[in-house]
Amino acid sequence: MTGSDGKLIVVGTPIGNRGDFSPRAEEALRGADTVCAEDTRVTGRLLSLLGIEAHLERCDENVIANRAPQLVERIAGGEVIAFCSDAGMPAVSDPGAVLVDACREAGLPVEVVPGPTAVATAIAASGFATTAFFFGGFLPRKSAERCRLLEGLSDLDACLAFYESPHRTAAALADIAQVLPARQVCLCRELTKLHEEVLRGPAPQVARQVAERGDLKGEVVLVVGPPAADEGRIDPRGPATQARAQELLDTGMSPSRAAKALAAELGVSKNAVYDLFH
């Protein structure tokens, strides 16, 4: 660490409602030598509304890895640099983590000014009673990868929270309904904004409602409720379960399709009945 006054300030910004911007965050941006922004147009509008004149530099996911060493040198030389994402808390499922990591590795001071974050807001809005949650960032784009991820998380005694593109939300909900059909799901869209929407219900029901509406607009957070106390309690040796598995195979279904069908009937993940078919 140097003896200079340089530092990185990570500044949380509103996810929709400008009234959520804190006085401390405003002070940090006003006092910074440089404001690095994911999108200078978005952050520039915020600064203009606040009457802040600042030197803005682009620092999005396409350039931050290459720019981080230079920014570290500038901070070591005494420059105060603030970093803002387009919305919410930088470095949380966000390219800002690269810059924070580089400063930590160089032994430079990092100050975090907390602000709104969509995942915590969605967990609170869901009303799901849980003491733990898993945040998975953005879901994989491909259905097979999404399903593998969800199956791998099915045994967690926690809520599952994900960011999702509005154009992929219907497909993502269909996969959640397939892998975790017994779970409750809460779709949170445009949180804190004028057209905020919170839609909650059984996974198959929410998936069907969204599919019927077509493409959504705005930012989306999906929260999957925790497993029920009896979810997944299947005895693979139970005669009734084994008999039903055999019935499905006798119809000509492949083991994979039969396992998926039985899991849906029982309200559990496919993994829970996998051994019956393999």
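In this report, we go over the structure that sits alongside the text. These numbers come from a predicted model, not from an experiment. (Residues numbered from 1 in each chain as written. Predicted model: local features only at pLDDT ≥ 70, side-chain atom pairs only at ≥ 80, totals over all residues. Heavy atoms only, no water.)

Observations concerning the packing of aromatic side chains
Here comes step 1: Taken as a whole and assessed by the stated rule, the structure comprises 2 aromatic pairs.
Here comes step 2: Ring centres 4.9 Å apart and planes at 65° place the aromatic pair Phe-135 and Tyr-163 in the edge-to-face group. You can see Phe-135 sitting in strand S6 (residues 133-138) and its partner Tyr-163 sitting in strand S7 (residues 159-164), a full 28 residues away along the chain.
Here comes step 3: Owing to a relative accessible area of 13%, Tyr-163 belongs among the buried residues under this scheme. (Phe/Tyr/Trp six-rings, centres within 6.5 Å; stacked < 30°, edge-to-face > 60°. Helix = DSSP H or I, 4+ residues; strand = E, 2+ residues; numbered from the N terminus. Buried < 20%, exposed > 50% of the residue type's maximum accessible area, 1.4 Å probe, protein only.)

Focus on the pairing of S6
Here comes step 1: Looking at chain direction, S6 and S7 are connected through 4 bridges and run parallel. Bridge pairing links Phe-134 to Leu-160 in S7.
Here comes step 2: Once the chain exits S6 it traverses helix H6 (residues 143-153) before rejoining the sheet at S7, and the crossover so formed is right-handed. (Pairing = 2+ DSSP bridges. Right-handed = clockwise from strand over helix to strand, strands pointing away.)

Description of helix H8 (residues 203-213)
Here comes step 1: Turning to H8, its buried residues number three or more, namely Ala-203, Val-206, Ala-207 and Val-210. Buried residues along H8 cover an arc of 100° about the axis, so they all sit on one side.
Here comes step 2: Residues of H8 that are buried sit in contact with helix H7 (169-179), strand S8 (184-189) and strand S9 (197-202).
Here comes step 3: Phi turns positive, to about 85°, at Gly-214, one or two residues after H8. (Arc of directions from axis to C-beta. Contact = heavy atoms within 4.5 Å.)

Some points on helix H2 (residues 40-50)
Owing to its 3.6 residues per turn, the α-helix aligns residues three or four sequence positions apart on the same side.
Here comes step 1: Restricting attention to buried positions, one finds in H2 the residues Thr-43, Leu-46, Leu-47 and Leu-50. When H2 is viewed along its axis, its buried side chains cluster within an angular range of 95° and face the same direction. Away from the buried face of H2 by more than 90 degrees, exposed residues Arg-41, Arg-45, Ser-48 and Leu-49 are located.
Here comes step 2: Summarising the contacts, the buried residues of H2 are in contact with helix H1 (23-31), strand S2 (34-37), strand S3 (56-58) and strand S4 (80-84).
Here comes step 3: One side-chain oxygen of the residue at the start of H2 lies 2.9 Å from the amide nitrogen of Arg-41, identifying that residue as Asp-39. (Polar contact = N/O pair within 3.5 Å; in protein donor to acceptor, adjacent residues only side chain to side chain.)

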